[in-house]
Amino acid sequence: MKPVVDRLEIALNPEIPVLRLNLRSELGRKYARLYGVQTVPTFVVLNPTGTVVGRFHLDVPRADEVVLLTSGP
């Protein structure tokens, strides 16, 4: 999984940051609760204002999908 996420991060950088959180850490658990993450991996896509515009469970989104979601109206 890590190599796939690495490629996504490279494809999106620097326009769209990718934040990886460890659910075993306090910070990771905090954000998992905040965004309702129940399975790993889960990708939560936020637009520039912080609104959730996409959610991917057990699958890594393609870079073009993330760009499309974050550039919407």
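The shown structure was predicted, so the numbers you read here are calculated from the model rather than taken from an experiment. (Residues numbered from 1 in each chain as written. Predicted model: local features only at pLDDT ≥ 70, side-chain atom pairs only at ≥ 80, totals over all residues. Heavy atoms only, no water.)

*Asks:* Go over the packing of aromatic side chains, please, and point to the residues and values.
*Replies:* Overall, the coordinates contain one aromatic pair when judged by the stated rule. Judged by centre distance (6.4 Å) and plane angle (10°), the ring pair of Tyr 31 and Tyr 35 falls under stacked. Of this pair, Tyr 31 and Tyr 35 both sit in helix 2 (residues 26-35), four residues apart, which is roughly one turn of that helix. Looking at Tyr 31, the relative accessible area reads 28%, which means it is partly exposed. (Phe/Tyr/Trp six-rings, centres within 6.5 Å; stacked < 30°, edge-to-face > 60°. Helix = DSSP H or I, 4+ residues; strand = E, 2+ residues; numbered from the N terminus. Buried < 20%, exposed > 50% of the residue type's maximum accessible area, 1.4 Å probe, protein only.)

*Asks:* Give a detailed account of a nonpolar patch on the surface, specifying residues and quantitative values.
*Replies:* A contiguous nonpolar surface patch, about 300 Å² in accessible area, is contributed by Leu 19, Leu 21 and Leu 27. Following the sequence through the fold, Leu 21 ends up in the loop between helix 1 (2-12) and helix 2. Judged by relative accessible area, Leu 21 falls into the partly exposed class, the value being 34%. (Patch = residues over 30% accessible without salt bridge, like charges linked within 9 Å, V, L, I, M, F, W, Y side chains within 5 Å. Areas by Shrake-Rupley, 256 points an atom, 1.4 Å probe, with all protein chains shown as cover. Salt bridge = Lys/Arg side-chain N within 4 Å of Asp/Glu carboxyl O.)

*Asks:* Go over the packing of helix 1 against helix 3 (residues 63-70) with me, naming the residues and quoting the values.
*Replies:* Between helix 1 and helix 3, the least distance of the axes is 9 Å, while the angle of their chain directions is 50°. Classified by the angle their axes make, helix 1 and helix 3 are oblique. Between helix 1 and helix 3 lies a crossing of right-handed hand. When helix 1 is examined against helix 3, the residues Leu 8, Ala 11 and Leu 12 are found in contact with a partner set consisting of Ala 63, Val 66 and Val 67. Tallied by class, the residues present in the contact of helix 1 with helix 3 amount to six nonpolar, no polar and no charged. (Axes fitted to C-alpha atoms, helices over the stretch in contact; angles between N-to-C directions. Parallel < 35°, antiparallel > 145°, perpendicular 65-115°, else oblique. Left-handed = near helix turned anticlockwise from the far one by under 90°. Contact = heavy atoms within 4.5 Å. Nonpolar A, V, L, I, M, F, W, Y, C, P; charged D, E, K, R; others polar.)

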